[in-house]
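Fold and geometry: a report
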Amino acid sequence: MNGWTGTTLRVDLGRGTITREPTNMKVAHDYIGARGMGVKIISDEVDPHADALGPDNKLIFAPGPLTGTFAPSAGRYNVVTKSPLNGVIAGSNSGGVFGPELKFAGYDALIIEGQAKKPVFLWIKDDVVEIRDASSLWGMTVADTTEALREKTEPDAKVACIGPAGENLSLIASIMNEMHRAAGRTGVGAVMGSKKLKAIAVVGTGAITVADPVAFKAAVMDSRDKIHANPVGGAGLKAYGTDVLVNILNQSGALPVNNYQDAYSPVADKIGGESLAANQLVRPKGCFACVISCGRATKVTNPLYAGVGEGPEYESAWAFGVDSGIDNLDAIIKANYLCNEYGLDTISMGATIACAMELYELGLLTKKDTDGLDLSFGNVASMVEMVRKTGVGEGFGKRLAAGSYRLAESVGRADLSMTVKKQEMPAYDPRGVQGIGLNYATNNRGGCHVRGYTIAVEVLGQGAPTDPHATEGKAALGVAFQDLTSALDSTGSCLFATFGIGGAELASMLSALTGVEYSVDDFMKAGARVFNLERLWNLKVGYTAADDTLPPRILTEPIKTGPSKGEVNHLEEMLPEYYSLRGWDENGVPTPAKLAELSL
Amino acid sequence: MSKMLMIYPNKCTGCHNCELACSFEHEGSFRPGATRVHTFTWEREGFSVPLMCQQCDDAACVNVCPTGAMHQGPAGSNLVEFSQDLCIGCKLCVIACPFGSVRYDSVAKSIAKCDTCGGAPQCVAMCPSGALEFVEDAEQTRSRKQVIADKFKTIFEDVN
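Residues numbered from 1 in each chain as written. Chains lettered and ligands numbered in written order. Predicted model: local features only at pLDDT ≥ 70, side-chain atom pairs only at ≥ 80, totals over all residues. Heavy atoms only, no water.

So, about the overall build of chain B. Along chain B, the regular secondary structure elements total 5 helices and 8 strands. Ordered by position from N to C terminus, the α and β elements of chain B give β-α-β-β-α-β-β-α-β-β-α-β-α. Viewed in the frame of its principal axes, chain B has a C-alpha envelope of about 65 × 35 × 25 Å. Within chain B, the fraction of its 160 residues that count as buried is 44%. Within chain B, residue pairs in contact and separated by at least 24 positions form 56% of the contacts whose partners lie at least 6 positions apart. Accessible area of chain B: about 8,200 Å², with a carbon and sulfur share of 57%. Across chain B, the centroid of the 14 positively charged side chains sits 4 Å from that of the 18 negatively charged ones. (Helix = DSSP H or I, 4+ residues; strand = E, 2+ residues; numbered from the N terminus. Buried < 20%, exposed > 50% of the residue type's maximum accessible area, 1.4 Å probe, protein only. Contact = heavy atoms within 4.5 Å. Areas by Shrake-Rupley, 256 points an atom, 1.4 Å probe, with all protein chains shown as cover. Lys, Arg positive; Asp, Glu negative; His and termini not counted. Charge placed at Lys NZ, Arg CZ, Asp CG, Glu CD.)

For the rest of this paragraph, the subject is the packing of helix 19 (residues 474-491) of chain A against helix 21 (residues 520-541) of chain A. Residue and element names in this part refer to chain A. Between helix 19 and helix 21, whose axes approach to 7 Å, the crossing angle comes to 95°. Here helix 21 runs roughly perpendicular to helix 19, going by the angle between their axes. Between helix 19, through A480, Q482, D483, L484, S486, A487, L488, S490 and T491, and helix 21, the contact on the second element is made entirely by F523, M524, G527, A528, V530 and F531. Among the residues making up the contact of helix 19 with helix 21, the classes are represented as 9 nonpolar, 5 polar and 1 charged. (Axes fitted to C-alpha atoms, helices over the stretch in contact; angles between N-to-C directions. Parallel < 35°, antiparallel > 145°, perpendicular 65-115°, else oblique. Nonpolar A, V, L, I, M, F, W, Y, C, P; charged D, E, K, R; others polar.)

Residue-level contacts link 28 residues of chain B with 40 residues of chain A. The largest share of the area that chain B buries against chain A comes from F30(B), E43(B) and R44(B), three residues that together contribute 30% of it. If you look at where chain B meets chain A, you find 3 salt bridges. A salt bridge links R44(B) to E147(A); its shortest N-O distance comes to 2.9 Å. Here chain B and chain A share 14 residue pairs in polar contact (both at pLDDT 80 or more) between them. Secondary structure elements with two or more residues in the side of chain B that touches chain A: helix 1 (17-27), strand 3 (47-51) and helix 4 (122-126) of chain B. For the side of chain B that touches chain A, the leading source of residues is helix 1 of chain B, giving 4 residues. When its residues are assigned to classes, the side of chain B that touches chain A shows 12 nonpolar, 12 polar and 4 charged. (Buried area = accessible area lost by both parts, 1.4 Å probe. Salt bridge = Lys/Arg side-chain N within 4 Å of Asp/Glu carboxyl O. Polar contact = N/O pair within 3.5 Å; in protein donor to acceptor, adjacent residues only side chain to side chain.)

Looking now at the domain arrangement of chain A. All names here are of chain A. What the domain assignment lists for chain A is domain 1 (7-203), domain 2 (255-424) and domain 3 (434-597). Centre-to-centre, using C-alpha coordinates, domain 1 lies 26 Å away from domain 2. If you look at the interface, domain 1 gives 36 residues, while domain 2 gives 31 residues. Scanning the region where domain 1 abuts domain 2 turns up 3 salt bridges. Of the charged contacts in the structure, one is a salt bridge between R185 and D345, with a shortest N-O distance of 3.1 Å. Linking domain 1 with domain 2 are 20 residue pairs in polar contact (both at pLDDT 80 or more). Of all elements in the fold, only helix 3 (98-104), helix 4 (142-152) and helix 5 (164-167) reach the threshold of two or more residues within the side of domain 1 that touches domain 2. Considering every element that reaches the side of domain 1 that touches domain 2, the biggest residue donor is helix 5, with 3 residues. (Domains from an automatic or database assignment.)

The next subject is unusual backbone geometry. The omega angle of the peptide bond from G311(A) to P312(A) is 15°, so this bond is cis rather than trans. You can see P312(A) is positioned in the loop between strand 15 (307-310) and helix 11 (314-320). Non-glycine residue N259(A) carries a positive phi angle of around 55°. Mapped onto the elements, N259(A) comes out in the loop between helix 9 (245-251) and helix 10 (273-279). Located in the positive-phi region is K109(B), a residue other than glycine, with phi close to 50°. Looking at the element boundaries, K109(B) is found in the loop between strand 6 (103-105) and strand 7 (110-112). Judged by relative accessible area, which is 59%, K109(B) ranks as exposed.

In this section: the sheet that holds strand 10 (residues 175-177) of chain A. All names here are of chain A. Within the open sheet, the 6 strands sit side by side as 8-7-12-9-10-11. Their pairing is mixed. The two strands at the open ends of the sheet, each matched to only one other strand, are strand 8 (128-133) and strand 11 (181-183). Strand-to-strand twist across the sheet, computed as the mean angle between neighbouring axes with direction ignored, equals 20°. The sheet contact formed by strand 9 (residues 158-161) and strand 12 (residues 197-203) spans 4 bridges and is antiparallel. Each residue of the ladder has a partner; that of C161, found in strand 12, is A199. Where helix 4 meets the sheet, its contacts fall on strand 7 (120-125), strand 8, strand 9, strand 10 and strand 12, and the angle it forms with strand 9 comes to roughly 135°. (Pairing = 2+ DSSP bridges.)

Now the structure itself:
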């Protein structure tokens, strides 16, 4: 067994049972691992109609075959579960060092089932697996939980945990590891909270073996060289982090402002990566096996928002920043720190605040609703306070904790929630960049940029040049990125490795590592298999082609100022071609021929 | 000309590529216990530092070794060398090293200590951030001095 460990760990918190089973190697070969393996297990074992926060939902933590090796920037794990936010087969992945440690402990996947009656944590040291009492940890922030667990277990334990937001079943709660790294999206933290599982602490000492060490090293060095040579992967992300995108997207006229009321900000520069590097950056940070180092160790000295920690990413700076009418980077970083402490998705949190601000300005929310807070766009103090309230589940924060869709729907204006399938769209306006709109509309977890990052081509100049305002070719681009990312996520790699390498390099590393020969076609087909299986599951949940859409604002309200002035998204020009390229019928259902081709 | 390993914690991103490279070079696999370099990270502050054998001239591990398995390298090499065939596994070197950089690996049943990969340390080769350097004696602090020299230059240019 090379690359994979061959063992899957199953923990039933309701019954208190712990079992080890051989990893299904047919599934491993066909679905690679991580996201793919998690999706296959959920698809096989969880009823699509199960209550996401009930005992029948399962929560899977899965590193990929490349995780734990020195394949560049491939140290990630995926969380896969049914989302409590929108009911889809969801997931989120995270870097740090937790995923590799789970792998060194000997596991391709950890399946959490049932619900504990009292708060517990899981302690894993190789073959030793214990469900232990976590009563004293319940209510603790992420960093405090992490340190307390190291005292209870071992100083070098790697910890994934939830904060108070996950405990309170916030539908935008994240799972955090190494204090600052997040499996942020789709409300996975609430599923962990519903199982009363505060944390998982792992120490692993086992080996990940390599089928062909000479070929693997050669493939790894080739990939490293290509990432180093790429202007984004090799230099840009290390110098300025992902926040470098603020100015780039603004100059493209695709930086959403004030809950997507516009897509250009004259003050964007104040919250961009260049400003961050000049003022708050301490040093770049890297996740396990990373060669890119986009992470930001930061420090804020402004006494109003003082602190140390990591971040923000571009999408976080945008959500707490210009999307909420705010240009105070110190306050944005503070909001980001609070999300990491309480375990909240920064994108959904910030975008929900932006939505609340618009509802407030329209008079649909008043100070009676907001615990007296003035929610006008640009109110910095209110923005930070709303994050705190949401994190601890206090007052108006309880409404924010359910995300913008439910908040806007509760006042009769669901159309003002900038969501797709109830999940907040991130920081790329689909009116200014057409292809990303198609990806949002068709993404299996709802509003999401990373699982079909057409921005790389449309805005960042990777691959063949294309006009971001054009719709031609965007369906093919969307399919290609979604399938590539499905496969890439399944290896344990980071999306940012694609700033330098693609399917060919990933397939080559995977083949040398595992000894299972993957051609580029095999690799991309595995990605398509994962994506289509997710689609099939979502159709069973009840989603239809009518849900493959964007908020009405994006389709009908033109951008008011900036380089994309006058633009709307032309989803209707791209979607039929997308269905056709996918091998789906006009109702968005995969055809029998497509399913046969993918062995589904 | 002999060389030494220099560590620049301020450049370390905490990525563990050094550990992976070390394990892979010595064992062809990725196993935490096989690595001779270890990175410590303070997560709250985002600070990391890699640590490995300092190749001491007056080495405690050499001084306590009863068989000569741990010994100084040839004159001018600046290395502490280890000969597996002379080792009886008494682990006195592990106990003696004040830096914790000599370990006993119970899986390989062997002492694990940096051997600079025979003069081409893979931790240095795979470090993506320049936090590790393997440099000639005469050059060992050059890059650190360069940083200070650059600051001097800026200050004096400002003054003039």
